[in-house]
Structure formats: structure tokens, C-alpha cells
Amino acid sequence: MKITIIGTGYVGLVSGACLADFGNDVLCFDVNADKIRTLESGGIPIHEPGLEALVKHGAAAGRLRFTTDVEKAVAFGTLQFIAVGTPPDEDGSADLRHVVDAARNIGRHMRDYKVVVDKSTVPVGTADRVREAISEELNRRGVDLPFSVVSNPEFLKEGAAVEDFMKPDRVVIGSDDARAIRLMRALYGPFQRNHERMMVMDVRSAELTKYAANAMLATRISFMNELANLAEGIGADIEEVRRGIGSDARIGTHFLYPGAGFGGSCFPKDVKALRHIARSAGKPLRVMAAVEQANEAQKHLLGDKIKARFGSDLKGRRFAVWGLSFKPNTDDMREAPSLTLIEDLLAAGAEVRAYDPVARPAIANVVIAESAVDALQGCDALAVVTEWAEFRSPDFSALKQALKTPAIFDGRNLYDPAMLRALGFEYFPIGRMA
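Residues numbered from 1 in each chain as written. Predicted model: local features only at pLDDT ≥ 70, side-chain atom pairs only at ≥ 80, totals over all residues. Heavy atoms only, no water.

1. Quick look at the overall build of the protein chain
In terms of regular secondary structure, the protein chain is built from 17 helices and 14 strands. For 434 residues, the compact-globule estimate of 2.2 N^0.38 gives 22 Å, and the protein chain sits close to it at 24 Å. Its C-alpha atoms give the protein chain principal-axis dimensions of about 75 × 50 × 45 Å. For the protein chain, long-range pairs separated by at least 24 residues make up 72% of all intrachain contacts whose partners lie at least 6 apart in sequence. Once the 54 positive and 58 negative side-chain charges of the protein chain are each reduced to a mean point, those two points are 2 Å apart. (Helix = DSSP H or I, 4+ residues; strand = E, 2+ residues; numbered from the N terminus. Rg over C-alpha atoms; globule rule 2.2 N^0.38 Å. Contact = heavy atoms within 4.5 Å. Lys, Arg positive; Asp, Glu negative; His and termini not counted. Charge placed at Lys NZ, Arg CZ, Asp CG, Glu CD.)

2. Notes on the nonpolar core
By size, the foremost hydrophobic cluster in this structure holds 40 residues, and its most contacted members are Phe81 and Tyr188. Element by element, the count of residues in this core is highest for helix 1 (residues 10-21), at eight residues. Contact partners of tyrosine 188, with chain neighbours within four places excluded, come to Phe81, Lys119, Asn152, Phe165, Val171, Ile173 and Met198. Listed in part, the 39 residues of the second largest apolar core include Ala102, Val149, Leu274 and Met288. (Core = buried A, V, L, I, M, F, W, Y, C linked by side-chain atoms within 4.5 Å. Buried < 20%, exposed > 50% of the residue type's maximum accessible area, 1.4 Å probe, protein only.)

3. Observations concerning the pattern of salt bridges
Per the counting criterion, the structure on display carries 30 salt bridges. Linking arginine 140 and glutamate 137 is a salt bridge whose minimum nitrogen-to-oxygen distance equals 2.7 Å. Here glutamate 137 and arginine 140 lie together in helix 6 (residues 126-141), a separation of three residues that amounts to about one turn. For arginine 140, a relative accessible area of 60% translates into the label exposed. The class for glutamate 137 is buried, based on a relative accessible area of 5%. Members of the salt-bridge network, linked through shared partners, are Arg104, Arg108, Glu136, Glu137 and Arg140. (Salt bridge = Lys/Arg side-chain N within 4 Å of Asp/Glu carboxyl O.)

4. Side note on the side chain of asparagine 225
Topologically, asparagine 225 is positioned in helix 9 (residues 203-234). The exposure class of asparagine 225 is buried, given its relative accessible area of 2%. From its side chain, asparagine 225 meets the backbone nitrogen of glycine 259 in a polar contact 2.7 Å long. (Polar contact = N/O pair within 3.5 Å; in protein donor to acceptor, adjacent residues only side chain to side chain.)

5. Describing unusual backbone geometry
The phi torsion at glutamate 335 lies on the positive side, around 60 degrees, for a residue other than glycine. Of note, glutamate 335 is situated in the loop between strand 9 (318-322) and helix 14 (337-347). Relative accessible area serves as the criterion here: at 38%, glutamate 335 is assigned to the partly exposed category. Positive phi, close to 50 degrees, is recorded for asparagine 413, a residue that is not glycine.

6. A word on the sheet that holds strand 11 (residues 366-368)
Two modes of strand pairing occur in sheets, parallel and antiparallel, and in both the strands are linked by backbone hydrogen bonds. Ordered by their spatial adjacency, six strands build an open sheet running 11-10-9-12-13-14, and the pairing between neighbours is parallel. At either margin of the open sheet sits one strand with a lone partner, and together these are strand 11 and strand 14 (426-428). For this sheet, the mean angle separating the axes of adjacent strands, direction not counted, is 20 degrees. Bridge count for strand 13 (residues 407-410) against strand 14 is three bridges, and the pairing is parallel. The residue bridging isoleucine 408 from the neighbouring strand is tyrosine 427, located in strand 14. (Pairing = 2+ DSSP bridges. Axes fitted to C-alpha atoms, helices over the stretch in contact; angles between N-to-C directions.)

So this is what it looks like as C-alpha cells:
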């Protein structure tokens, strides 16, 4: 099949590369000429395991191409995937300017039947706006061409996006158009040969499903974080509690790990957007308000623990921070808890040395170290914020020798409290007896 991907960000590039790998002809369009030049030269603008090899393979086979020519992009694919960014607006709603612009471009340049697929995370009612924008452009041209608008939300986890696309646990299709549904079934058929994973529903239900899924996961995280804080206050161990409740099949074990708060490009944005949708409908989601509030408070927890140990005035102190990305296996720093911790430490007068295996941001007044060991140089204590694999089994003897105070503030509960106490460390985990 011939497919156009509009937007070569995280969702668009992964989708395009995976679809090309399954034999489709894919043309990726972006208005950012620098990004297209990078892709055409064999580079990729994001870090995602397995993606670079997939892009190179598709390009070498001639099935994956890139362009900044909008007319060429619209003419190419019968399926037009809109995978542009939907950043939060000031009121928390999703900014749909890029989505509507993409729809208008399709209406301006289409010459035959198109299936316009909303792949971006968009609020309920976006398909109607896309349909309206295309119709307006066709009317302006004085032509009557058939098209369909389909909602096909993505469910990709950063750090495992390629595998998630190749082996989806569900494919949600929102449409009541038989022709469009047939094309979508043909497209996703090779990805679900062992059993049917496609769920066809009305457009608005499909649009809401994406937000509902992320909101549920965010709720589990904030609930466990709140429970961890309670456990710490009353002398219980949240790890034991987690095992106890996770064994209940109705609850399960996923997303029950407490930590320093959630970040990234999806959960914070989607919780805000869902709250805005609910307020606009006159059905406020009080649980979501609590999730957002709890998460913002949790991001300050490590900083509060450090100040409780070393005092509120941290002038003359230096702290190492291991992990900057919001989760491992990505370089995504959006809404990362590390940024809140660093901000809290700097505001209290401390110096910060930070290290991440992939993320290399420029942060004012922060030294970005070349290794985990280098980050410890001259530091009073260590804060672990992201659970990268290389942080799980450090050389504790060398770590203890490097730190002025043998103190570890563990925002991901990577270590065993009894073992660290036996090694002579002061250990400050989340929701555990330290």
C-alpha cells in the first residue's frame, strides 16, 4: 500500500519505518527541512532502540522516503496519516493547529480518494474538525472528491515503540465507513496474523480510548506514589505492599512501582487534555485533578528528602544526579522529574553534576558528566532519578569512596535497603524502611 506520514516526530517516524518494513511504500513528510535532511543522510532525530536500523533498512530498500514537498506528499498515499504534535495549550487543551493545517493541506492538494488517519493524540471531536477543514478546502477549489476520516490512536511506549508497533496488543480503529475500514484491515492484517487485535468502534470512542488508557496508567502511578509516602510515614514497606496487591488478578503487577513522579510527552499532557475535555463537557474528572496534583508534589520528593538530610540551605554542597530522561531507553526530557529535582537543588544553592547514558541536555548551571563515576566528583550525595540498567549494580565501594557523605537518594527503589545499610550507606528510598 502507498502511505503518506505527515510529521516525522516520535509517532510518525516509528509508524512510517515499521509500515515500510512490512512491505508498504511510505513517504514521510515534514515541514522541518533540517529534520528531513538528517533522515535522508541516514540519521534519526530521536533515540529509540531499533529505530535507526529500521529506518536505514527501509530507505535502502526504497520503501521509505522523505520529503518537504506537501503536494508530492498528498499525491503519494491513499492513506494519509496525520502524526503531528499536539502540545498543551495554556488552558491544558491540546493545540490542534498542526493537525488542522495538515488537514487543510490534504484538502488543497488531493486529486483522488483519501483515507485521512488521525494518528496524533487528539481530543474527542477532532475527526469532525479534520473533516470540516478538508471539506472547506475542497469547496474553495470547487471540486467534489471522496474522502474518509479515521481515528487510529497510537499506543507506543517510548523505549519499546518499535516492538509495540510490530506486535500490538490492540489496534483501535474509529470509523463507520466500510471502505476505510477495509483498507485499515488490509494495512494492519500482517501485524496480527496469530490472532485478531483490531477493535473497530465509532470515531469518538476511539478518540477517547487513547486518553482513557494514559489517564488510567497515570492514575496507577500517582496512587502508588501516594501509597508509598503513606507507607514510609507509618513504617510499612511499599515493595511488600506492591507484591501483595499485584498478586490480585483484578489489579495486576504493571505500573505499581512508586518513584519520583511521571513525566514524558504523553501522561502529563494527556491528563491535562482529558481534564479540559471533561470540563468542557460539564463532567469534571475529580480523580484526574488529584492525579495531576499528586504527581507534581511527587516530583519534589527527592529534593525535600535531600534538604531534610542536609538542611534547607545547600550552599557549598554538590550533588550527583543519575538519570535525566523521564524513563530509560529514551532521550526524552519533557516533564522529566530530574528537571524538578535539579531546579529544587539549584534554588537551595547547591551545585549539580548530572549524568545520563543518552540524554545530553544543556542545563544552565549544571555540569553534564561523561560517565556515572565522573558525575560523583566532589559530590556530597547521589540522587538516582531514572532506572537505567547501568545504575542497577554499581560498584558500591567506589561509590562510597567518591562521595563526601555515603548517602543515596533513590527515586526508583533500585537497591536493597538492608544491603546498603550493611555497606555503611545512608539510604533514602521511596516508601521503604531506610
